[in-house]
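Here are the chains, one letter per residue:
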Number of protein chains: 2
Amino acid sequence: MLTVSAPGKVILFGEHAVVYGEPALVGTIERRVRVGVRRLDEKVINVYSDAIGTWESFTFEDLHETNGAFRYVKRAVSIAFEEVGEKTGLELRISSELPPASGLGSSAAVSVATLKAVLTLLGKDVSNSRLAALAHCVELEVQGSASPTDTAAATYGGVLFVLPGKGIERLNVEEELPLIVGNTQKERSTKLLVAKVRRLKESLPEVVDPVIRNIGKVTREARRCLEKGELTHLGELMNINHGLLEALGVSTPELSRLVYIARSAGAEGAKLTGAGGGGCMLAFARERYDSVLEALSKESQALQASITFEGVRVEGGER
Amino acid sequence: MLTVSAPGKVILFGEHAVVYGEPALVGTIERRVRVGVRRLDEKVINVYSDAIGTWESFTFEDLHETNGAFRYVKRAVSIAFEEVGEKTGLELRISSELPPASGLGSSAAVSVATLKAVLTLLGKDVSNSRLAALAHCVELEVQGSASPTDTAAATYGGVLFVLPGKGIERLNVEEELPLIVGNTQKERSTKLLVAKVRRLKESLPEVVDPVIRNIGKVTREARRCLEKGELTHLGELMNINHGLLEALGVSTPELSRLVYIARSAGAEGAKLTGAGGGGCMLAFARERYDSVLEALSKESQALQASITFEGVRVEGGER
């Protein structure tokens, strides 16, 4: 079975402010989605998911659907078929080290890995920029709207600087970034949280606009630190970014608690990551990685999530 | 016994930023220090404190000391004697509704009430501006350095707008401000916390300076709301101010927890008040005052601390 993997991601800096034109920094983490694929003689697409613990069988017709547990897989297979100009029966096996719907980019990783696996199986070599564009289409079709960031991250890997309207730049970062994700496992809606910040911004623009611009400044400063390999202030910048997100009203008691647990256990910095209102937080710990991991594990679903510089990858197996 | 009272205070907005020239808003709370005084024939000053549960006897010579549990009382009596040009034996009885060393201005209230009590007993009528100046001297002598804010607040009462270098303005606010103070009872050093913010500001000026200026903007906006009697956004402004203080690194797990407990119980806004690093937080609740008070009482030493518009006051009793 031909196997392809793609990494998940965390937002390192700049969430919410990116909605208003400020930059964001995103890093891919060594937590991957793996998609195995082989040809079937029958004209069906059988999808097995270790992640969900279930399987389904689809006709070629079913691939046009944008709903169901396998909606990203269906659209990715369909778009891969269009790209190659060929359809075939397939068996797909999906496993994931990423908790779903947690803001860690699992749907983008599924889309990228599925596309790459099917394209490779069918002998079609595509550039990374083409792959990222196709995966972005998958997310757009399923979600209605989607940022190109997650799919670009899953494709290229590494640390990406996202400047809305100006594109996505892969940074030349080589430092190890030992990160831990704490997951509150509280569901939240990104849409509702973006709307909440918009309401606050509209009711108190004189004080909220500067908070958003300040997040942009923190993100640019963090980029400078990362590119120079000067990580001394990176933790402080995360703490400042977290405070500014508190000011925007998107933190929660649980997120705030995990952030303080991480800092007390020795993290150099900790912040919520993603939309807030639940979901995940992020801790940066070079010296006391194990004690931070242990402290966060006691109180949440904690993941080792250090930055990886490798994006989508053909793991091997027969075509 | 002639009794004089003076109120404690909370910082409503602008702590820490005020160190860098931004304005602060301070409000006096209906929690008072009471000082009773009567003449003694012997040349001694006997001080009884219900607050500390102890008493001491001083000679006129002892009044020059700036140490000991009664250091503010000793200096206040001494300065009152100088002001009048007369010394006499005294009995003083002190009671307080303010927890000591919690950033609620108990030392300023003690200084103001003691001065006013002794001056009134000795038949000397002084203006409020003179009284505030004398009380500021007491704090300066005991502490080495002191802002004139707390002593001005204890003297005048109400809501004060403090603009460093430009003076203190008493605002024309008439709205009721139902506040609750949650006290972590964790000791902190204002000096160390001010130094901590200074270090952060020096190491990352591009991102910390805007946080400080943003706190100034929040404070000015809060002043506008208070003067117009438009309290709708006051809670949101408190929440934003708290987030910005989190960004400056002066909150703690305990303060953050109490802030979220208050918000969850229905507070319109909640923030740490004072230097942070322990000490107190403040909740604003018009609709759900009782449930916020109850929730904070379970987890801390909670005080009803609504804004009072009355400063130092001769309560009565014989001269």
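Being a predicted model, the structure only gives us computed values, none of them experimental.

About the thresholds
- Residues numbered from 1 in each chain as written.
- Chains lettered and ligands numbered in written order.
- Predicted model: local features only at pLDDT ≥ 70, side-chain atom pairs only at ≥ 80, totals over all residues.
- Heavy atoms only, no water.
- Helix = DSSP H or I, 4+ residues; strand = E, 2+ residues; numbered from the N terminus.
- Rg over C-alpha atoms; globule rule 2.2 N^0.38 Å.
- Buried < 20%, exposed > 50% of the residue type's maximum accessible area, 1.4 Å probe, protein only.
- Contact = heavy atoms within 4.5 Å.
- Lys, Arg positive; Asp, Glu negative; His and termini not counted.
- Charge placed at Lys NZ, Arg CZ, Asp CG, Glu CD.
- Buried area = accessible area lost by both parts, 1.4 Å probe.
- Polar contact = N/O pair within 3.5 Å; in protein donor to acceptor, adjacent residues only side chain to side chain.
- Nonpolar A, V, L, I, M, F, W, Y, C, P; charged D, E, K, R; others polar.
- Pairing = 2+ DSSP bridges.
- Axes fitted to C-alpha atoms, helices over the stretch in contact; angles between N-to-C directions.
- Phe/Tyr/Trp six-rings, centres within 6.5 Å; stacked < 30°, edge-to-face > 60°.
- Lys NZ or Arg CZ within 6 Å of the ring centre and 35° of its normal.

Points about the overall build of chain A
Within chain A, the regular secondary structure consists of nine helices and 12 strands. Over its C-alpha atoms chain A spans a radius of gyration of 20 Å, differing by no more than 12% from the 20 Å that the globule rule assigns to 319 residues. Counting only C-alpha atoms and orienting by the principal axes, one finds that chain A spans roughly 60 × 40 × 35 Å. Out of the 319 residues in chain A, the part that is buried amounts to 58%. Within chain A, contacts between residues at least 6 apart in sequence are counted, and of these 72% link residues at least 24 apart. The average position of the 38 basic charges and that of the 41 acidic charges among the side chains of chain A differ by 3 Å.

Some details on the interface of chain B and chain A
With 27 residues of chain B in contact, the opposing surface of chain A contributes 27 residues. Summed over both sides, the interface between chain B and chain A buries roughly 2300 Å², with carbon and sulfur atoms accounting for 66% of that surface. In this structure, the connection of chain B to chain A is made through three residue pairs in polar contact (both at pLDDT 80 or more). Elements with a contribution of two residues or more to the side of chain B that touches chain A: helix H5 (190-203), helix H6 (205-228), helix H7 (234-247) and helix H8 (253-264) of chain B. If you tally residues by element for the side of chain B that touches chain A, the top one is H6(B), at nine residues. Residues that form the side of chain B that touches chain A fall into these classes: 13 nonpolar, nine polar and five charged.

Quick word on the sheet that holds strand E9 (residues 269-273) of chain A
Residues and elements named next belong to chain A. Read from one edge of the open sheet, four strands run E9-E10-E8-E11, paired in antiparallel fashion. Each having just a single partner strand, E9 and strand E11 (301-304) make up the two edges of the open sheet. Each strand axis lies, on average, 20° off the axis of its neighbour in the sheet, ignoring direction. One ladder, built from five bridges, connects strand E8 (residues 179-183) with strand E10 (residues 280-284); its direction is antiparallel. Within E10, the residue paired with Gly 182 across the bridge is Met 281. Those strands touched by helix H7 (residues 234-247) are E9 and E10, and its axis lies near 40° from that of E9. Contacting E8, E10 and E11, helix H9 (residues 289-299) crosses the sheet at an angle of about 155° to E11.

Brief notes about the environment of Met281(B)
Residue and element names in this part refer to chain B. Among the structural elements, Met 281 can be located in strand E10 (residues 280-284). Overall, Met 281 belongs to the buried group, its relative accessible area being 0%. The spatial distance from the C-alpha of Met 281 to the C-alpha of Leu 258 is 7.3 Å, given a sequence separation of 23 residues. Setting aside its immediate chain neighbours within four residues, Met 281 contacts Ile 180, Val 181, Gly 182, Leu 255, Leu 258, Val 259, Ala 262, Ala 270, Lys 271, Leu 272, Thr 273 and Leu 296.

A few points about unusual backbone geometry
Residue and element names in this part refer to chain A. Positive phi, close to 55°, is recorded for Gln 185, a residue that is not glycine. The topology assignment puts Gln 185 in the loop between E8 and helix H5 (190-203). Of the residues examined, Gln 185 reaches a relative accessible area of 55% and is grouped as exposed.

Description of the packing of aromatic side chains
Counted under the stated rule, the structure contains six aromatic pairs over all chains. Arranged with centres 5.9 Å apart and planes meeting at 80°, the rings of Phe60(A) and Phe81(A) form a pair that is edge-to-face. Taken as a pair, Phe60(A) in the loop between strand E4 (54-58) and helix H1 (71-84) and Phe81(A) in helix H1 lie far apart in primary sequence, 21 residues in all. Taken as a pair, Phe60(A) and Phe81(A) share a single burial class, namely buried. Over the ring of Phe161(B) we find Arg223(B), and its NZ or CZ is 4.4 Å from the ring centre.

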